[in-house]
Structures are given as structure tokens and as C-alpha cells.
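Survey of secondary and tertiary structure
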Amino acid sequence: MRLFLAMVSHETNTFSTIATDRAQFEARDLHYGGALVEAYRGTATCLGGMIDAAERSGAALAPSVAASASPAGRVTREIYEHVKARMLADLRASGRLDGVLLDLHGAMVVDGIDDGEGDLIAAVRRAVGPGVPMAATLDFHANLSRAMVEGADLLHGYKTYPHVDMAERGAEAAARLDAVIAGRLRPTAAFRKPPLLPPLGNQGTAHGPMRELYDLAAEMERDPAVVSVSVFAGFPHADIPDAGLGIYVVTNDDRPRAEKLAEALAREAWHRRHAFVHSAVPVREAVARALALPDRPVVLADIADNTGGGAAGDGTEILRELIRVRARSVIVACLWDPAAVAECARVGVGRRITLAVGGKVDDRHGAPLTVTGTVRTLSDGRFVHRGPMMHGLPGRLGPTAVLDVDGIAIILISHRWQTLDPEMIRFTGLDPLDHHILVVKSTIHYRAAFEPIARAIIEVDAPGLSSSNLSRFTFTRVRRPIFPLDPETTYRDDARHPR
Ligand SMILES: [Zn+2]
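Residues numbered from 1 in each chain as written. Predicted model: local features only at pLDDT ≥ 70, side-chain atom pairs only at ≥ 80, totals over all residues. Heavy atoms only, no water.

Some words on the sheet that holds strand 10 (residues 298-301)
With mixed pairing, the 8 strands of this open sheet are ordered in space as 12-13-16-17-11-18-10-19. Either end of the sheet is taken by a strand with one partner, and the two such strands are strand 12 (352-357) and strand 19 (456-459). Neighbour to neighbour, the strand axes of the sheet diverge by 30 degrees on average, direction disregarded. Two elements, strand 13 (residues 369-379) and strand 16 (residues 400-405), share 5 bridges in a ladder whose sense is antiparallel. Bridging across to strand 16, Val375 finds its partner in Leu403. Relative to strand 10, helix 10 (residues 283-292) is tilted by about 170 degrees, and along the sheet it contacts strand 10, strand 18 (437-440) and strand 19. (Pairing = 2+ DSSP bridges. Helix = DSSP H or I, 4+ residues; strand = E, 2+ residues; numbered from the N terminus. Axes fitted to C-alpha atoms, helices over the stretch in contact; angles between N-to-C directions. Contact = heavy atoms within 4.5 Å.)

Given below as C-alpha cells:
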């Protein structure tokens, strides 16, 4: 058995002014051919799960491309067309294929193409024809579209946020594709799009509405005719028509049952719409609360400046307040500011420097902050994820400096990377357990690895492009009315009314 394998992953925040170009992919991940198998084998990622499952079953892989970049603004047409052309050329050169395995995101917006994955899936389908089965994994934050559902035979959404089941979903996609190829499974899918745009803050699956929906999905999956159920929470910071929650149910040769279950879950999601509305603690109050707690470490979660949601990663408002109140024993992890890193490197370790940090990308993450501190360490920014997410995968933060401003250690990095693993602190020589306050730039993902070490977590309502306060954004293209932007929205299914 011969399987085509590719990964294309980007979560596009259309409010970001940072274009996602070739350099952004090169900074994160752009592998071709066998190199992608070597890079991902054994890692807790979809691609890792797909590779392990395929190798266990004795399938031969035709690896094409693995392309991912840190979430930011629209993907440029140049790099998208390059990756797509490479995949189509590899498909043509692959000879006979039994199936196609794709590790995709589902919230990629390309210049001029709102539904990046829909476009990519349709192109692959045209290339292989209707007879070659295609299975894809999609991120929990996919903005599910008709083109994705109709182009692929099987979609598998992550069932967790933090995304700790990526390898499991990848292996599942490979196993299901195997069953389709062998004729044991005939997938019949249904999907629903209620008018619901959940903010990120209450999308976590530890508790709350997404936990309840996935519990219902798990019950549905106990029926042997049900192959899998995905509830995509959606990515609200992509201002495109299809943004928002999506339900996908696939059954074995039983479309009416898929339709019935998808409709039931969409109604359940709608019923819980108010539970998705999120609020966080204002900056001053959050810092005061953290300082008043005797235990350590206390995590101040900078949920609105999450590079994993396309925010700049250079927000300064929490740091500004910490300096104002002369807080000590603090780590800020991590602030994206390549120019500040370069200045620190220029003066060298042990030297004092006055410079402006952060707030340089746009006017949505606070103003640049002038600080005076001592350069503690300089490094190349390489670490390995050791938490439940992406375990084993190397991370590259680029040139990194630790600047100590009177007891506040600011980790300055050169590649935008979400703070989802304490290893992003430890590799600099700092011990997160040894500090009173950890400022962590992440919305939900940090919880997988930081909850076990944090004595308390406070979600901060600082400014930023991943804020869960959606009223701060001017939406012009998402379908309307949609909840919570339009509080009086009534239930409807946008999957059945293609625009
Ligand atoms: Zn996600």
C-alpha cells in the first residue's frame, strides 16, 4: 500500500499586519520529501501519528512537503502557490497511490483565498481523481467549510484544547484511511454550521461547553455505525464568511444517521452559546492579585497576546504594570523583539543597557516600553518540547536574550513562538519554580504543561489580537448575524445554505 503524505499548517489572524511569507515558514518548518519523515517520526503531532501508524501497518509513504508557520496575517500567494505546486508535482510523480493523508489546520487564509484548506483539498482531489480516498486531520480551531467536507473522504478534528491528542488523531486518520482502502469502511459525512463564533477563552476542553459537547460526541461514537464526530470550535480572529463553530459527523454508509447526529450536536452547541462568552481580569487588578498570593509560581496568562492565535507576541501592558509596582521575582515568557535581542547581543552578557522593548508591531499590543536592565544570558533559542503538547519536537526561538530589569527577567526571542512549555524558560537557565510570577503569552495551550507547576493562574485582559473580547475587533466579512457579535441571533444552519 502506498500513501501520499503532506502537512500544511497555518492559523491566520486576518487582523494581523504581519504577512505570513516564505521567511515565516522557513523560520518554523519547511521540509521536503524524506526529511519530513525524519523530522516528525515519534513526535506528538498529527504527522508523527500518521508516520508511526503507516510504518506499523507496513504502508509505503510518499512524503511530499511539511510547511507550517507561526500564526500571523494572511499567507502570501507566493508561498502558498509554491507549496501547492510542490504537492501537485509530487502527486503526479508518485505513480500509483492507494490513498492520501493530509495534516492540515483548517483556518488558513491566503491572499485572495478565504478557505485555504478547501482550495488545497479540492486541488488534490482534482489531481488524484474521485477513486483515491483522502483522509485529513484538522485543528480544533478549523473554520470548517463545504469545500473541505466535500473534497475529503474523512476529516478528523482534534478533540482537545490544549491539543494533546494530535498524534492520536493522526494515527486514527491513517487507520481509517486503511479501512476505506480495504473496503471495510464507506464514509458518509454530514456537517452543520450554526451562527456561532466562540471566542478562544472558553474553548478549553477541561471543562465548560466544549467539554460537554465532546462528552456528547463520545456517547455518539459508541454507536458502531458512527466512525467519528468532530466539534470544531473554530478560529474567531479570521474575518471570513466561514469563521466559527462547525460540527462534522461521519458514519459508515448511513448518511441519514450522520445528518441526524450533526443536527443534534449543532443544537446542543447553540444551546450553550452564552457559556462561550469569556471575561478576564483587568491588568492592574491581575498584577495586584498575583502579588498578594503567597505561593509560587503564579501564572499571569497574557491570553490576548498569544502568538499561537496570531497576536504579535510583543505586548507590553502587563510588563509595564509589573515595573510600575516594582514587582520582583518575575519571568516574562516570552517577548518577541528581534531588534531588542540584537541590541542585547551587541552589548554582551553582564552589561547594562537601556532600550525599548515590545509594542513595535502595531498599536494593538501596548506601546514600546523603555527599560534599563542587565543582560543575563544570550543563546540560540533551541529547546525541545517536554510537555504533553508536541513532546519531542524541537523548538527554535532564534537568538534569545534574558534581560534582568530589577528582578523582572524578560526572555526576548527572535522567532514568534507561543509559550506553551516551561522548557521555553528552563533552556535559558531560569527555573520557573523559583519565581513568584510567570507571565505566559498563551490563551489555553500553556495549561497542559504549566497547570501542573502553577499554584494559581490569573487570565489577564490586556490588549492584543487574540483577545476573547470580540467587541474589540471590527468584523466586516464574517457571515451575519452571528453570536456573540449579534446577541439577538436566532438558530439557523449555514451549512445547508451555501453562499
Ligand atoms: Zn488550534
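Okay, back to it.
Section: the coordination of the zinc ion
For the zinc ion, the full set of protein donor atoms is Asp139 (OD), Asp139 (OD), His141 (ND1) and His163 (NE2), at a range of 2.1 to 2.8 Å. Metal-centred angles of 51 to 143 degrees between the 4 donor atoms at the zinc ion mark the site as irregular. We classify Asp139 as buried; its relative accessible area is 6%. You can call His141 buried: its relative accessible area is 3%. (Donors = N, O, S within 2.8 Å, 3.2 Å for Na, K, Ca; no water. Tetrahedral: all angles 85-135°; square planar, octahedral: opposite > 155°, others 65-115°. Buried < 20%, exposed > 50% of the residue type's maximum accessible area, 1.4 Å probe, protein only.)

With respect to the packing of aromatic side chains
The final tally for this structure, using the stated rule, is 8 aromatic pairs. For the pair Phe140 and Tyr161, a centre-to-centre distance of 5.3 Å together with 45 degrees between the ring planes defines the contact as tilted. In this pair, Phe140 is assigned in the loop between strand 5 (134-138) and helix 6 (146-151) and Tyr161 in the loop between strand 6 (154-157) and helix 7 (166-181), connecting sequence segments 21 residues apart. Through a chain of ring-to-ring contacts, three or more aromatic side chains come together here, namely Phe15, Phe473 and Phe475. Sitting above the plane of the Trp417 ring, Arg28 keeps its charged end 3.7 Å from the centroid. Of note, Arg273 hangs over the ring of Phe483, and the distance from its end group to the ring centre comes to 5.8 Å. (Phe/Tyr/Trp six-rings, centres within 6.5 Å; stacked < 30°, edge-to-face > 60°. Lys NZ or Arg CZ within 6 Å of the ring centre and 35° of its normal.)

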